[in-house]
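# Structural overview for review
Residues per chain, in single letters:
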Amino acid sequence: MLAYIARRVLATIPVMLIVAFFVFSLLYLAPGDPAAVIAGDQATPQDVERIRASLGLDRPFVVRFTEWLWRIVQGDLGVSIFTNLPVSHMIAQRIEPTTSLMLITIVLAICIAVPMGVVAAWKAGSWIDRAVMAFAVFGFSVPVFVTGYVLAYIFALQLDWLPVQGYTPLSEGFWPFLENLILPAIALGSIYIALIARITRATMLEVLAQDYIRTAKAKGLGSRGILFLHALKNAAVPISTVIGIGIALLIGGAVVTESVFAIPGLGRLTVDAILRRDYPVIQGVVLLFSFVYVLVNLAIDLLYTVFDPRIRY
Amino acid sequence: MKRRDVLKGGAALAATAGLSAPAVSQGVAANRVLRFVPQSNPGSLDPVWTTAYVTRNHGLLVYDMLYGSDAELNVHPQMAAGHQEEDGGRTVVITLRDGLKFHDGEPVRAADCVASITRWWRRDPMGQAAAAATDEVTALDDKRIRFRLKAPYPRLIPTLAKPSNGLYIMPERVAKTDPFQQITDYTGSGPMRFKREEWITGQILVYERFADYVPVSSGTPSLTAGPKVMNVDRIEWRILPDPATAAAALQAGEIDWWEQPQVDIQPLLRRNRNIVVDVQDPIGLISALRFNTLHPPFDNEAVRRAVIAAVNQEDVVVAINGNDPAGYTTGVGWFTPGTPMANEAGLDAFKKNIAAAREAVRAAGYRGEKVVFLGPTDILAPKAASEVMGDVFRQIGFDTDYQAMDWGTVLQRRSSKQPPGQGGWSVLCTSFAGYDFLDPLVHSQIRGHGDQAWFGWPNVPKLEELRNRWLASTDLAEQKRIAAEIQAAALQAAPGIPLGHYKQFTAYRRNLQGVLKGIPVFWNIRKG
């Protein structure tokens, strides 16, 4: 097992290298010019050229990529073209809000979606099942930003229960921290809840049709025991796979949610950087996201062995 | 009692149970904290390195200026006690007033001013003209700055008082930074100190009142002139990129002032009696179309001129700013309405007649070449103007390839001199602050110096000749006459087309008193 983990961790290195190359190439090929953004509308073409040269953007692709890669190897993500701050510092400032939002969303989604899916499967064909599926279709169909605006309108503007926007770090108190993340987590989690609930229902339906469940019922085990101890554990592998895949969904959704609720996270940092063509920041954030995604997949693979002891690496 | 009060009570209870309580703006009383949503997220905080208006506004808080301009663009001493002219106007000596200090406690010296001037005037067009007129600028001692001019240059002091992207005084150690490199030390001598330690890019910028700032003792606060008296102790710039969220936050009282509410949200805000929606800066902005004069069909002056006949400025400015007549002006030429150089010369070319324009385009020799129109998608005013003008171009018979792209891509594409079919462009729309169109000295759109000119690179020697005549003139009446000639010549050669003037609205909570018109400044404001 340890050898497998070590192999998988080492395998992230070539993956990251490929990602790094693609990110750098795409940015190199993509149109846009940070020098022109910096210079402003009154600048002459000569001013823009001078700024481009001062930023080193006039140098060949290979030179820029090699330098960047060498710095990455040394743990240096570079400096933002615009803010002149180290990219690692900017990411460090933004990582807490995004991590908090994603963790709360995942916990919320699992706590809501898994029981929903289990109950829907248990009561398959009933009004409960139909209600859960209707909710799932609704969750899939409504874009995150619409859910966000509606929630903010109802719970912040009309009822004044929660703030419209912003983020308060955990260090400034638990309630202020949570207060700012409740609406964003529900908005971001709606698609995720729908996804997990549907998969849980489908997988549970399959498991509940197995012979051993019938045997358990024949032995007189209670519904709760059958559902949560025997059936759910066997359905956990596909559910955890979907949760892992959903992390990518969350990263994409976080970009929108952070904009709607003005949360200073990595999603907004990415969008701002892309609009300005702040290359070092884009490269740093995309590398981080891909690294996290690789690690999440590794964690999910390892979780399989917990849910299903037959799986060995 | 509202539900939220109950929740807050719960939070207080939790705090007593050992959880830390939220910091309320670092212990500053609520009515001494101003929460402001700027027009965008200031990427850079160096107002020389970038000309972004949001960075200019940051600069006005943190830095002070030698001279200020009032709303009528009259010049008043600010850090300067005054100046004297010697040697028939060929030498100008500016004396600093007493008590000026930087935020680090060091006194402001003439050497700091000289370094700031020489950094700034390498980048700013108006500053560059002053630099070209100057043989030498030196610090005579700690209090006096001497300009030795090549010839008397009456625009020197107005140049130093330029309100938009003007001269900010920095410590010499900071101002020695190459103007094409960013500064990293934000020490100024303005009324507010930037708290770098609380800066989270994309979320918040914090300023605290500079206790040692000494405002000028007389005058009335107006634009960048007069006493800069701060009635709040802390200003927080909250970055809210989503307009609906900013609107909700303003209505909920989570913010006090939103610099640029989007036009479609303004009616919602106007209905709220706790919110004031008003014109922020009467100088406003001018929407403009620009042709690439290097390639067909717009290398043909007659084709360019023919387009003017189709333009209805009202269509453009209403699309940009809504149909409130207080928010726009039509019948606008190449100078900012309401300022001395504004005139009506050549405006009869705007016939608002699509059929006539179509015929004129054909008669001018248009041969069906593809017209690449760069249409930005993420900057509201240029987007609206481009969409209106893109439709006009189709109606008057151009084979228009309207290419929608983000603003960053427009900025890159417009610098390409390649033919339109090979990554170049034919036409684009943008907006300029009224301060950039005050006179021929600062104006970029009525130049005709070919390769050196603004994107589009028109080569119109007559425009340059007229500009030189204007620069040589010191008589206002003569300057106005020449400005009218320039406008007529610019509408004849048509390197671009003025598309109308509009004024940006701002929105703030009614308990803010003393918000000044013009560039958003924060002195004089009281929060009730």
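Residues numbered from 1 in each chain as written. Chains lettered and ligands numbered in written order. Predicted model: local features only at pLDDT ≥ 70, side-chain atom pairs only at ≥ 80, totals over all residues. Heavy atoms only, no water.

### Focus: the overall build of chain B
A tally of helices and strands in chain B yields 15 helices and 21 strands. Here the C-alpha atoms of chain B give a radius of gyration of 25 Å, agreeing with the 24 Å that 2.2 N^0.38 yields for 528 residues. Counting only C-alpha atoms and orienting by the principal axes, one finds that chain B spans roughly 80 × 70 × 40 Å. Across the 528 residues in chain B, those meeting the buried criterion constitute 58%. Within chain B, contacts between residues separated by at least 24 positions form 72% of all contacts whose residues are at least 6 apart in sequence. (Helix = DSSP H or I, 4+ residues; strand = E, 2+ residues; numbered from the N terminus. Rg over C-alpha atoms; globule rule 2.2 N^0.38 Å. Buried < 20%, exposed > 50% of the residue type's maximum accessible area, 1.4 Å probe, protein only. Contact = heavy atoms within 4.5 Å.)

### A closer look at the interface of chain A and chain B
Between chain A and chain B, the contact holds 55 residues from the first and 62 residues from the second. When chain A packs against chain B, close to 4,900 Å² is buried across both sides, 51% of that on carbon and sulfur atoms. In this structure, the connection of chain A to chain B is made through one salt bridge. The salt bridge partner of Asp406(B) is Arg277(A), with a shortest N-O separation of 2.8 Å. (Buried area = accessible area lost by both parts, 1.4 Å probe. Salt bridge = Lys/Arg side-chain N within 4 Å of Asp/Glu carboxyl O.)

### Here we look at the domain arrangement of chain B
Residue and element names in this part refer to chain B. Here chain B is described as being made up of domain 1 (32-43 + 187-280 + 506-527), domain 2 (53-175) and domain 3 (285-502). Centre-to-centre, using C-alpha coordinates, domain 1 lies 33 Å away from domain 3. Our enumeration of links across domain 1 and domain 3 arrives at one salt bridge. On inspection of domain 1 and its partner domain 3, the count reaches zero residue pairs in polar contact (both at pLDDT 80 or more). When grouped by side-chain class, the residues that make up the side of domain 1 that touches domain 3 number four nonpolar, two polar and one charged. (Domains from an automatic or database assignment. Polar contact = N/O pair within 3.5 Å; in protein donor to acceptor, adjacent residues only side chain to side chain. Nonpolar A, V, L, I, M, F, W, Y, C, P; charged D, E, K, R; others polar.)

### Topic: the packing of helix α1 (residues 2-29) of chain A against helix α12 (residues 279-307) of chain A
Residue and element names in this part refer to chain A. Where α1 meets α12, the axes come as close as 9 Å, and the angle between the chain directions of the two elements is 150°. On the basis of the axis angle, α1 is roughly antiparallel to α12. You can see that α1 and α12 cross each other, and the crossing is right-handed. Across the interface between the two elements, Tyr 4, Ile 5, Arg 8, Val 9, Thr 12, Val 15, Met 16, Val 19, Ala 20, Val 23, Phe 24 and Leu 27 of α1 pack against Tyr 279, Ile 282, Gln 283, Val 286, Leu 287, Ser 290, Phe 291, Val 294, Asn 297, Leu 298, Asp 301 and Leu 302 of α12. (Axes fitted to C-alpha atoms, helices over the stretch in contact; angles between N-to-C directions. Parallel < 35°, antiparallel > 145°, perpendicular 65-115°, else oblique. Left-handed = near helix turned anticlockwise from the far one by under 90°.)

### Side note on the pattern of salt bridges
Residue and element names in this part refer to chain B. The final tally for this structure, using the stated rule, is 37 salt bridges over all chains. For Asp 185, the salt bridge is made with Arg 173, and the minimal N-O distance between the two is 3.0 Å. A residue pair is termed long-range when its members are at least 10 positions apart, and Asp 185 in the loop between α6 (172-175) and β8 (192-194) and Arg 173 in helix α6 qualify at twelve residues. The class of Asp 185 is partly exposed, set by a relative accessible area of 24%.

### Description of the sheet that holds strand β5 (residues 91-96) of chain B
Residues and elements named next belong to chain B. Strand order in the open sheet made by the four strands is β4-β5-β7-β6, with antiparallel pairing throughout. Across the chains shown, the open sheet's two edge strands, defined by having one partner strand only, are β4 (80-86) and β6 (134-139). On average, adjacent strands in this sheet sit at an angle of 15° to one another, irrespective of strand direction. Pairing geometry for β5 and strand β7 (residues 144-149), over five bridges, is antiparallel. When the bridges of β7 are listed, Ile 94 appears paired with Ile 145. (Pairing = 2+ DSSP bridges.)

### With respect to the confidence of the model for chain A
Averaged over all residues, the pLDDT of chain A is 86; the fraction at 70 or higher stands at 98%. Across chain A, the secondary-structure element scoring lowest on mean pLDDT is helix α2 (residues 34-39) of chain A, at 74, and the one scoring highest is helix α8 (residues 174-208) of chain A, at 93. (pLDDT = per-residue confidence, 0-100.)

### Here's the deal with the nonpolar core
Grouped together as the largest cluster of nonpolar side chains are 224 residues, with contacts concentrated most on Leu66(B), Ile145(B), Phe147(B) and Phe393(B). Ranked by the residues each element gives to this core, the list is headed by α8(A), at 14 residues. In terms of nonpolar packing, the next biggest core, distinct from the first, is built from 16 residues, Val37(B), Leu240(B), Ala247(B) and Ala249(B) among them. (Core = buried A, V, L, I, M, F, W, Y, C linked by side-chain atoms within 4.5 Å.)

### A short note on the packing of aromatic side chains
Residue and element names in this part refer to chain B. Enumeration over the complete set of coordinates arrives at 38 aromatic pairs over all chains. When the ring of Phe 194 is compared with that of Tyr 207, the centres are 5.6 Å apart and the planes differ by 50°; the resulting orientation is tilted. Linking Phe 194 in strand β8 with Tyr 207 in strand β9 (residues 204-209), this pair joins segments that are 13 residues apart in sequence. Exposure remark for Tyr 207: the relative accessible area of 0% places this residue in the buried category. Between Trp 257 and Tyr 508, the ring centres sit 6.3 Å apart and the planes meet at 75°, which makes this aromatic pair edge-to-face. (Phe/Tyr/Trp six-rings, centres within 6.5 Å; stacked < 30°, edge-to-face > 60°.)

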